[in-house]
Amino acid sequence: IMELSEKAYVNVASTITGVDEKIRERIEPGAVSYERRFNMLKAFKGTNVRTGLHIMPVIPYLTDSDENLDALFEKGADAGVDYAIVQALNLRGETKVTFMTFIKDPEIFDELLDMYKTGYAPTDYRSDLAKRAAALMKKHGITGEYATRRAGEEKAGEKKEYEQISLFDKNI
């Protein structure tokens with residue numbers, strides 16, 4: 001990856017939705033720990049590889065607290081991530097049935113069922129989440145711009161000018 005990043009744009013991202021391992025074990029049983037994911041991103045710090053923190057899906061009542069989001073962005077900044085993407089949970093079709101079967105907590109079950117009657121988090125919830133995330137990202141110096149390049153990087157599709165050498169040029 002490092003060698004490739006010297007020749008082309010390389011982006012490595014990890015989905016990390018929280019810092020509480022007990023919640024991770026509930027929503028991602030058997031998955032790699034959040035800490036190992038942050039360590040993987042940190043391994044690319046100071047290289048040409050762009051790194052991203054994908055906080056999605058944000059699950060209402062489980063991973064959407066300001067404390068969780070703040071801790072995620074703090075750890076992301078420490079790992080040197082270049083950007084973060086935050087997106088609320090969507091529940092359409094069979095995914096909704098499977099997810100709601102997973103939710104055993106009666107305190108939030110009815111609220112989630114009502115919240116996701118259309119399959120999407122309500123607009124006001126998504127808007128509030130975006131505002132809170134933007135403020136915390138700013139606090140920790142993380143951009144929300146996936147396509148933003150570091151200083152000196154060429155943009156995707158942009159070609160450097162090279163001089164074509166002739167096979168018949170006698171000065172070679």
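Quick caveat: nothing in here was measured; it's all calculated off a predicted structure.

Take the overall build of the protein chain next. From N to C terminus, the protein chain includes seven helices and three strands. Secondary structure elements of the protein chain occur, N-terminal to C-terminal, as α-β-α-α-β-α-β-α-α-α. Of all 172 residues assigned to the protein chain, the portion counted as buried reaches 35%. Excluding contacts between residues fewer than 6 apart, the proportion of contacts in the protein chain whose partners are at least 24 apart in sequence is 74%. As presented, the protein chain carries roughly 11100 Å² of accessible surface, and 54% of it is formed by carbon and sulfur atoms.

Take helix α4 (residues 66–79) next. Over its 14 residues, α4 runs 20 Å from end to end, which matches the ideal 20 Å to within 8%, given 1.5 Å per residue. Among the residues making up α4, those that are buried are N68, L69, D70, A71, L72, F73, G76 and A79. Buried-residue contacts for α4 involve α3 (34–42), β2 (50–58), β3 (83–88) and α7 (123–140). At the exit of α4 stands G80, carrying a positive phi of roughly 80°.

Structurally, F109 can be placed in helix α6 (residues 106–115). With sequence-adjacent residues up to four places away left out, F109 is seen in contact with M100 and I103.

This part is about the confidence of the model for the protein chain. Mean pLDDT over the protein chain: 88, with 85% of residues reaching 70 or higher. Within the protein chain, the lowest mean pLDDT, 80, falls on helix α1 (residues 2–5), and the highest, 98, falls on α4.

Here we take up the side chain of S33. One can find S33 in the loop between α2 (21–27) and α3. A polar contact of 3.1 Å, which involves the side chain of S33, links it to the backbone nitrogen of R36. Those residues within four positions of S33 in sequence are excluded, and the remaining contacts are E21 and R24.

Counting 32 residues, the largest nonpolar core has L53, F73, F99 and L112 as its most contacted members. Contributing elements (two or more residues each) for this core: α3, β2, α4, β3, α5 (93–102), α6 and α7. The element best represented in this core is α7, accounting for five residues. With residues near it in sequence (within four places) discarded, F73 still touches L53, I55, A84, V86, A133, L136, M137, H140 and I142.

As a further point, take the packing of α3 against α4. Packed helices, taken two at a time, are described by their axes: the angle between them and the distance between them. The N-to-C vectors of α3 and α4 enclose an angle of 35°; their axes lie 8 Å apart at closest approach. Contact residues: α3 offers E35, F38, L41 and K42, while α4 offers L72, K75, G76, D78 and A79. The class makeup of the residues in the contact of α3 with α4 is four nonpolar, one polar and four charged.

Definitions and cut-offs
Residues numbered from 1 in each chain as written. Predicted model: local features only at pLDDT ≥ 70, side-chain atom pairs only at ≥ 80, totals over all residues. Heavy atoms only, no water. Helix = DSSP H or I, 4+ residues; strand = E, 2+ residues; numbered from the N terminus. Buried < 20%, exposed > 50% of the residue type's maximum accessible area, 1.4 Å probe, protein only. Contact = heavy atoms within 4.5 Å. Areas by Shrake-Rupley, 256 points an atom, 1.4 Å probe, with all protein chains shown as cover. Expected span 1.5 Å × (residues − 1). pLDDT = per-residue confidence, 0-100. Polar contact = N/O pair within 3.5 Å; in protein donor to acceptor, adjacent residues only side chain to side chain. Core = buried A, V, L, I, M, F, W, Y, C linked by side-chain atoms within 4.5 Å. Axes fitted to C-alpha atoms, helices over the stretch in contact; angles between N-to-C directions. Nonpolar A, V, L, I, M, F, W, Y, C, P; charged D, E, K, R; others polar.

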